[in-house]
Amino acid sequence: MTRTAKLATLPLGFAGRTALGFGKRTFGRPAEAVALEVQRRTAEQLFAVLGELKGGAMKVGQLLSIFEAGLPEEIAGPFRASLTRLQEAAPPMPAATTHQVLAEGLGEDWRDLFAEFDDRPAAAASIGQVHKAVWHDGRTVAVKVQYPGAAQALMSDFNQIARLSRLFTPLFPGVEVKPVVADLKRRLEKELDYADEARAQTAFHDAYAGDPDFAVPAVVAQAGNVLVTEWLDGTPLAKVIAEGDQDRRDRAGLLLFRFLLSGPARCEMIHIDPHPGNFRLLDDGRLGVLDFGGAARVPAELQWSIGRLLRIGTLGDPDEIVDALCDEGFLVPDAEVDPEEIADLVAPHAAPFAVERFRYSREWLREQTARGLGLASDMRPGALARAFRLPPQYLAVSRALSGCGGVLCQLEAEGAFRAEAERWLPGFADDDGPEDLDGLDDLDDQAPATA
């Protein structure tokens, strides 16, 4: 009841801000200035409410936190602090409850599988907590245990948030938020399935075994709401963002980008939750990757289409951009759009790949956010929203790459990102057509690892 009451305050605040905006426009304030003020006030209340909750609300808060670099610091700063306090102060499950979940998953003799088990959680998140332990063969492991009732709380939150999806629109002008929230809900349903996560993590682990740049922990056991993987030490990416020198931030940013782009080429999958909490910079310079509950399939044909779109965007030819967007389903059939205006919208997304080296920064992202508000105001946002759509096959990839861009801006990372696109994206360096690559067997048909 308390959670529902907190979420219910969002539409009331939104209504008040809408009335405020209408009144200020009536009295002659510029539409862009009014839109920016409504955006700021919406963000303040939205972040305040989501930052106080766990479950699905906290998941949305974490997703939005990736993009906080594009928001004014007076909003972004308190929100970062709120999420940090929430994650650090999350109350753990009682030990008896943890033991019950372990027994239900691994069996009543679960203790025989461990040489040591620390009842104090090493980390807590929205749907579960992680314990450090020693497996019976001597390996140090991470034991992820799902909170009882997490699935029900998560879906309840998202059903409520989906009904309020219009509240997110002022934060992301030109983005149709409702299908994005629906896709996020589907992805989080998969994240609740630890067997599915084990299959995805095993696929990544096999693809990156022995890699000099990346470390993906092996799955040791999975059963029920318990997932056991190898333990991974290292500096959390959030700490690199806060304290790392420029060289360290540049390396972390380049490796994060390389991992996301190389996944489809190496195992036809992409990690779609590039939250800083899911990555570690190891002492040997490798990037450690955690939490594969949000992995998605990216077949060879889609890889080529992404590369082709990116190449056309960097060339900047307005007519060719419109033709490509129509071919891929980003524009509704017979949409009446101005190619020059469309090219102006695409240009910021292609900018990091149009030059040999590019530096992501909070200032750059804030400029693009403000620019998006201005363009949406000048370009009849209602008509523009009706012309654009995000094809379903691009939802997961879009979430991964846009989230990665947000983290790169937090890192203020500089690097040769164009070279990475040329290396890993077929269709970016040329337009010869998709290659005939043998895909992996459908992961849903693979058997989960068991104790």
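Here the residue index of a chain counts from 1 through its sequence in written order. With the structure being a predicted model, the display of local features is reserved for residues of pLDDT at least 70 and the display and counting of side-chain atom pairs for 80 or more, all residues being used for whole-chain, interface and lining totals. Just so you know, side-chain values use all the structure's heavy atoms and leave hydrogens and water out.

A look at the pairing of strand β3 (residues 128-135)
Each residue's exposure class comes from its accessible area (1.4 Å probe, protein chains only) as a fraction of the maximum for that residue type: buried when under 20%, exposed when over 50%, partly exposed otherwise. Helix and strand labels come from DSSP, where a helix needs a run of H or I of at least four residues and a strand needs a run of E of at least two; each type is numbered from the N terminus. Counted residue by residue, β3 has six buried out of eight residues, so it is predominantly covered. Pairing of strand β1 (residues 114-117) with β3, which is carried by three bridges, proceeds in the antiparallel orientation. Pairing of Glu116 across the sheet is with Val134, part of β3. A strand pair is defined by DSSP finding two or more bridges across the two strands. Looking at chain direction, strand β2 (residues 123-124) and β3 are connected through two bridges and run antiparallel. Within the sheet, the bridge partner assigned to Ala123 lies in β3 and is Val130. Here seven bridges tie β3 to strand β4 (residues 140-146), and the two strands are oriented antiparallel to one another. Residue pairing in the sheet places Val130 in a bridge with Lys144 of β4. The hairpin formed by β3 and β4 contains four residues between the paired strands, and Gly138 there has a positive phi angle of roughly 100 degrees.

Observations concerning the packing of helix α11 (residues 300-315) against helix α12 (residues 318-328)
It is at 9 Å that the axes of α11 and α12 come closest, and there the two elements cross at 160 degrees. When the axis of α11 is compared with that of α12, the two are roughly antiparallel. The handedness of the crossing between α11 and α12 is left-handed. Across from Ser305, Arg308, Leu309, Ile312, Gly313 and Leu315 in α11, the residues of α12 making contact are Glu320, Ile321, Ala324, Leu325, Asp327 and Glu328. Charged means Asp, Glu, Lys or Arg here, nonpolar means Ala, Val, Leu, Ile, Met, Phe, Trp, Tyr, Cys or Pro, and polar covers whatever is left, Gly included. Residue composition of the contact of α11 with α12, grouped by class: six nonpolar, two polar and four charged. Only the stretch in contact is used when fitting a helix axis, every axis being a line fitted to C-alpha atoms; angles between N-to-C directions are given from 0 to 180 degrees. Each angle receives one of four descriptions, namely roughly parallel if under 35 degrees, roughly antiparallel if over 145, roughly perpendicular if within 65 to 115, and oblique otherwise. By the definition used in this description, the sense in which the near helix is turned from the far one sets the handedness, with an anticlockwise turn below a right angle giving left-handed and a clockwise turn giving right-handed. We call two residues in contact whenever any of their non-hydrogen atoms come within 4.5 Å of each other.

Description of the sheet that holds strand β5 (residues 214-215)
Here four strands make up an open sheet; going across it, the order is β5-β11-β10-β8 and the pairing mixed. Only two strands of the sheet have a single partner each, and these edge strands are β5 and β8 (235-236). Taken together, the two bridges between β8 and strand β10 (residues 279-281) define a ladder with antiparallel strand orientation. Paired with Thr235 across the two strands is Leu281, which belongs to β10.

Observations concerning a negative patch on the surface
Two joining distances apply to patches: 9 Å for like charges and 5 Å for nonpolar side chains (Val, Leu, Ile, Met, Phe, Trp, Tyr), and every residue must have over 30% relative accessible area and no salt bridge. Using a 1.4 Å probe, accessible areas were evaluated by the Shrake-Rupley method; residue-level cover was limited to the displayed protein chains. Throughout this description, the term salt bridge denotes a Lys or Arg side-chain nitrogen within 4 Å of a carboxyl oxygen of Asp or Glu. For the purpose of charge, His is not counted, nor are the chain termini; Lys and Arg are scored as positive and Asp and Glu as negative. The location of each charge is read from NZ of Lys, CZ of Arg, CG of Asp or CD of Glu. Negative charge collects at one region of the surface, where Asp317, Asp319, Glu320, Asp323, Asp338, Glu340 and Asp344 lie side by side. When residues of the negative patch are traced back to their parent elements, those giving at least two are α12 and α13 (339-350). Top element by residues in the negative patch is α12. It accounts for three residues. Tracing the backbone through its elements, the reader meets Asp317 in the loop between α11 and α12.

Digging into the confidence of the model for the protein
Within the protein, residue pLDDT values average 78, and 65% of them lie at 70 or more. One number per residue, pLDDT, summarises how confident the predictor is, and it ranges from 0 to 100. The low-confidence segment residues 6-28, where pLDDT is below 50, has 40 contacts with residues more than four positions distant or belonging to other chains.

Details of helix α8 (residues 194-207)
Expected span, for any helix, means 1.5 Å times one less than how many residues it has. In a regular helix each residue adds 1.5 Å, so 14 residues correspond to 20 Å; α8 covers 20 Å between its end C-alpha atoms and thus fits that length. In terms of residue burial, α8 counts as a mostly covered element, since 10 of its 14 residues are buried. Inspection of α8 places Tyr194, Ala195, Asp196, Glu197, Ala198, Arg199, Ala200, Gln201, Ala203 and Phe204 among the buried residues, and these make up the whole buried set. Near the N-terminus of α8, the side chain that reaches the backbone nitrogen of Ala195, with its oxygen 3.0 Å away, is that of Asp193. Definition of a polar contact: a pair of N or O atoms within 3.5 Å, with one able to donate and the other able to accept a hydrogen when the atoms are protein atoms, and with sequence-neighbouring residues admitted only if both atoms are side-chain atoms.

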